[in-house]
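What follows is the residue order along each chain.
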Amino acid sequence: MTTHGFTLTAEGPFDFGASLRFVEDWPATSTLPSDGRALRFAYCAESDWLPIGVSVTGRPGGVAVATTRAPGPGIRGEVARILSLDVDGGGFAKLGEADEVLGDLQRHRPGLRPVCFWSPWEAACWAVIVQRSSMLIASRVKQRIAERFGARVTVDGHTFTAFPPPVSLLDADGLGLPAQKEEWVRGLARAALDGVLTTEHLRSLAPEEALAELRALAGVGPFSAGLILIRGAGAPDAFPGDEPRLFAILREAYGMAEDAPPSAYRRLAESWRPYRSWASFLFRATSYGVTEAE
């Protein structure tokens, strides 16, 4: 099969190995075949909603990317967003110089940047599927939906099933979800096709405005909105308004009071601008084990 290649260069510290370890530990992607050297996946490109296979390997100062079809600027931008290489990270390390707690995390895993969902659409569907479910079970349900409605793509000899594009789930039923969740997924499909649930639109808005717009979608609460904006659209400077697990991690890390209000966490996050998403991700990643000593 013909492949097409390009490179992406990181601005600021970046360690592809750290990104790969996160993917291996994160329950939503832990089942992806991995040889410890390459990140391989298939998805429906947001630029045209057609399936594409991607293989990413590390290179000095960035990554080398091979795709199963010719990548235009849209696909190049999407792969960069997935690995947070579309953001100049030069200033992130400086935050750790002023914040000793954040600095300790950065020194333990230098160059770890947020690894995003393949698209905000896929992130939104995950947010609905995982509600009131474990991530491992949600991952299986999501994979079954992909196998029934998605396309198969071969990448480096491995067969992957791309999560279906919005049009494929617009009128779909039998997703293996409760009726309410299936209706929410269909609503998300309409939002994606209308251009609302897209990287371009969400990142064109101020973070607070984008979060409010996402919360207006049926089935999307404060936690889901933050997930879609930060880990879907890859917005670098947003802070989730209501994420109990993150708040618990921050309470322990900073010795905050058990009854600290959400405003206390928002004040703490102000010192992380313009990388509030990146700092939140680094703290959140501790729950997946990627910051544990090797």
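The rules behind the values
- Residues numbered from 1 in each chain as written.
- Predicted model: local features only at pLDDT ≥ 70, side-chain atom pairs only at ≥ 80, totals over all residues.
- Heavy atoms only, no water.
- Axes fitted to C-alpha atoms, helices over the stretch in contact; angles between N-to-C directions.
- Helix = DSSP H or I, 4+ residues; strand = E, 2+ residues; numbered from the N terminus.
- Parallel < 35°, antiparallel > 145°, perpendicular 65-115°, else oblique.
- Left-handed = near helix turned anticlockwise from the far one by under 90°.
- Contact = heavy atoms within 4.5 Å.
- Nonpolar A, V, L, I, M, F, W, Y, C, P; charged D, E, K, R; others polar.
- Pairing = 2+ DSSP bridges.
- Buried < 20%, exposed > 50% of the residue type's maximum accessible area, 1.4 Å probe, protein only.

S.K.: Kindly report on the packing of helix H4 (residues 100-108) against helix H14 (residues 276-285), identifying the contributing residues and their values.
M.R.: Axis separation between H4 and H14 bottoms out at 10 Å; the angle between their running directions is 70°. In terms of axis orientation, H4 runs roughly perpendicular to H14. Viewed along their axes, H4 and H14 form a crossing whose handedness is left-handed. Of H14, the residues touching H4 (which contributes Val101, Leu102, Leu105 and Gln106) are Ala279, Leu282 and Phe283. Class assignment for the residues of the contact of H4 with H14 results in 6 nonpolar, 1 polar and no charged.

S.K.: Now, about the side chain of Arg251: what can you tell me, with residues and values included?
M.R.: Along the polypeptide, Arg251 turns up in helix H12 (residues 244-254). Non-local contacts of Arg251, meaning those with residues more than four positions away in its chain, are made with Met256, Ala257, Glu258 and Tyr265.

S.K.: A description of the sheet that holds strand E1 (residues 4-9) should follow, citing residues and the corresponding values.
M.R.: Strand order across the open sheet formed by 4 strands is E1-E4-E3-E2, with antiparallel pairing between neighbours. What marks the edges here is a single partner per strand, and that holds for E1 and strand E2 (38-44). Shown here is a sheet whose adjacent strand axes are inclined to one another by a mean of 25°, direction ignored. Pairing of strand E3 (residues 51-59) with strand E4 (residues 62-67) involves 6 bridges; the strand directions are antiparallel. For Ser55, the partnering residue across the bridge sits in E4 and is Ala66.

S.K.: So, the environment of Pro110: which residues are in play, and what are the values?
M.R.: Assignment of secondary structure puts Pro110 in the loop between H4 and helix H5 (120-129). Given the relative accessible area of 49%, Pro110 is considered partly exposed. Considering only alpha carbons, one finds Pro110 and Phe14, 96 residues apart in sequence, at a separation of 7.3 Å.

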